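The chain contents come next:
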Amino acid sequence: MASTTAKATPKAGRGTGSNQDATENPKTDPKDVSNQIKDPDQWTTGGEPMTGAQASYLKTLSEEAKEPAAFDPDLDKAEASKRIDDLRHKAGHA
């Protein structure tokens, strides 16, 4: 009875066969500042309605900070982010 063995081959772009050196990875380039935290006023999507996660967190923080009026379901992403930052400080989360 003959036995066969399958050879494992690395997937394309993985393992030692990759042509990209770790120092060329844009995620690790210290000079690349394109992914740094930006002011919410400069967000390209800042005018869109806040996300469900933002709404939930903002509601929780407004209750913890004893400022229920700080929650407004019609806020946009940028304004929600600013209120979340403010309430995090007031609620003692920062």
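Up top is the structure these notes are about.
Structure report, in brief. The structure displayed is predicted, hence computed values, not measured ones. (Residues numbered from 1 in each chain as written. Predicted model: local features only at pLDDT ≥ 70, side-chain atom pairs only at ≥ 80, totals over all residues. Heavy atoms only, no water.)

**What about unusual backbone geometry?**
Part 1 of the argument: Despite not being glycine, Lys 66 shows a phi value in the positive range, around 55 degrees.
Part 2 of the argument: Note that Lys 66 resides in the loop between helix H1 (52-64) and helix H2 (77-90). (Helix = DSSP H or I, 4+ residues; strand = E, 2+ residues; numbered from the N terminus.)

**Structural notes on the environment of Ala 65**
Part 1 of the argument: Along the chain, Ala 65 falls in the loop between H1 and H2.
Part 2 of the argument: Spatially, the C-alpha atoms of Ala 65 and Leu 87 are 6.4 Å apart, while their sequence positions differ by 22 residues.
Part 3 of the argument: Discounting residues that sit within four places of it in the chain, Ala 65 has contacts with Leu 87, Lys 90 and Ala 91. (Contact = heavy atoms within 4.5 Å.)

**Concerning the environment of Met 50**
Part 1 of the argument: You can see Met 50 is positioned in the segment before H1.
Part 2 of the argument: Of the residues examined, Met 50 reaches a relative accessible area of 11% and is grouped as buried.
Part 3 of the argument: The spatial distance from the C-alpha of Met 50 to the C-alpha of Glu 79 is 8.3 Å, given a sequence separation of 29 residues. (Buried < 20%, exposed > 50% of the residue type's maximum accessible area, 1.4 Å probe, protein only.)

**Considering H1**
Part 1 of the argument: The terminal C-alpha atoms of H1, which comprises 13 residues, lie 18 Å apart, in line with the 18 Å expected from a rise of 1.5 Å per residue.
Part 2 of the argument: Residues Gln 54, Leu 58, Leu 61 and Ser 62 constitute the buried set of H1. One side of H1 carries all its buried residues, which in axial view fall inside an arc of 100 degrees. H1 presents Gly 52 and Ala 53 as exposed residues on the side facing more than 90 degrees away from its buried surface.
Part 3 of the argument: Where the residues of H1 are buried, they touch H2.
Part 4 of the argument: Backbone geometry just downstream of H1 places Lys 66 in the positive-phi region, at approximately 55 degrees. (Expected span 1.5 Å × (residues − 1). Arc of directions from axis to C-beta.)

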